[in-house]
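Chain by chain, the residues run as shown.
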Amino acid sequence: MMEVGSWLWKSSYMMHVISNAAFFGISLVFTFADEEMLKEKIVKKYLKFASLFVFLTGATGILLLSILSMNGMDDLTNNPIGQSALIMILGYTVVLFVFSLALIYKGGEARIYKKLFGIMFFSYLFVYIARVYLTT
C-alpha cells in the first residue's frame, strides 16, 4: 500500500511542477510581451493551453494536499510546509480569479491582457519566493 501512495505522490508532484512551470512561463511571456503578441487571437489561443495547465495545477495540488494531510497535518499553520501550502492555496485562488477574468475579457486591448498576465505572473513569483523562504 505504501508503494502506491509513494507512486501517486511522485507522479502527482511531477505533473504539478510541470503544469505550474508551464503556466508560469506563459504568464511570464505575456507579461513582458509586445503589442503584436498581445492581440486577442493569439492570447485566446494560449489561454486554451493555459486552461489545461491551471486545471492540472489545481487538481494535482488538491491531491497532494490530501496526501500530505493524511499524515496528521491537522493545523497547517503549525509548520513551514503547512504555511507554504496555505500560501500556495492563496496564490492559486488569486491566479484562478484573474485567469477567469482573462478568459471572459472580450475587449482585446493589449494593456489589459498585459496587466492580467502580470498579476498572475507576480502572484506565482511571490508564492515561489515564499515557498523557498519557508521550506529552506
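Cut-off values and rules
- Residues numbered from 1 in each chain as written.
- Predicted model: local features only at pLDDT ≥ 70, side-chain atom pairs only at ≥ 80, totals over all residues.
- Heavy atoms only, no water.
- Helix = DSSP H or I, 4+ residues; strand = E, 2+ residues; numbered from the N terminus.
- Buried < 20%, exposed > 50% of the residue type's maximum accessible area, 1.4 Å probe, protein only.
- Contact = heavy atoms within 4.5 Å.
- Areas by Shrake-Rupley, 256 points an atom, 1.4 Å probe, with all protein chains shown as cover.
- Lys, Arg positive; Asp, Glu negative; His and termini not counted.
- Charge placed at Lys NZ, Arg CZ, Asp CG, Glu CD.
- Salt bridge = Lys/Arg side-chain N within 4 Å of Asp/Glu carboxyl O.
- Patch = residues over 30% accessible without salt bridge, like charges linked within 9 Å, V, L, I, M, F, W, Y side chains within 5 Å.
- Phe/Tyr/Trp six-rings, centres within 6.5 Å; stacked < 30°, edge-to-face > 60°.

**Remarks on the overall build of the protein chain**
Okay, step 1: If you tally the helices and strands in the protein chain, you get four helices and zero strands.
Okay, step 2: Taken along the three principal axes of its C-alpha coordinates, the protein chain extends 50 × 25 × 25 Å.
Okay, step 3: Across the 136 residues that make up the protein chain, the buried fraction comes to 33%.
Okay, step 4: Within the protein chain, contacts between residues at least 6 apart in sequence are counted, and of these 78% link residues at least 24 apart.
Okay, step 5: Entry remark: accessible area of the protein chain is about 8600 Å², with carbon and sulfur atoms responsible for 73%.
Okay, step 6: In the protein chain, which carries 11 positive and 8 negative side-chain charges, the distance between the mean positions of the two groups comes to 8 Å.

**Focus: the pattern of salt bridges**
Okay, step 1: Inspection of every chain in the model, using the stated rule, returns two salt bridges.
Okay, step 2: Among the ionic pairs, E36 bridges to K39, the shortest N-O distance being 3.0 Å.
Okay, step 3: Taking the relative accessible area as the measure of exposure, E36 reaches 48% and is therefore partly exposed.
Okay, step 4: A salt bridge links R111 to E109; the nearest nitrogen and oxygen atoms lie 3.2 Å apart.
Okay, step 5: Overall, R111 belongs to the partly exposed group, its relative accessible area being 48%.

**Quick look at a nonpolar patch on the surface**
Okay, step 1: Side chains of F97, L101, L103 and I104 sit close together on the surface and give an oily, nonpolar patch of about 390 Å² of accessible area.
Okay, step 2: With respect to the secondary-structure elements, L101 resides in helix α3 (residues 80-104).

**Section: the packing of aromatic side chains**
Okay, step 1: Tallying each qualifying case throughout the model produces 13 aromatic pairs.
Okay, step 2: Between the aromatic rings of F30 and F117, the centroid separation amounts to 5.0 Å while the plane-to-plane angle is 25°, which identifies the pairing as stacked. In this pair, F30 sits in helix α1 (residues 2-31) while F117 sits in helix α4 (residues 110-135), placing the two residues 87 residues apart along the sequence.
Okay, step 3: Consider the rings of Y46 and F49, whose centres lie 6.2 Å apart with planes at 55°: the pair is tilted. One end of the pair is Y46 and the other is F49, both in helix α2 (residues 40-69) and three residues apart, which spans about a single turn.
Okay, step 4: Since its relative accessible area comes to 32%, Y46 is described here as partly exposed.
Okay, step 5: One aromatic cluster is present, built from ring pairs that chain together F23, F24, F32, F99, F121, F122, Y124 and Y128.

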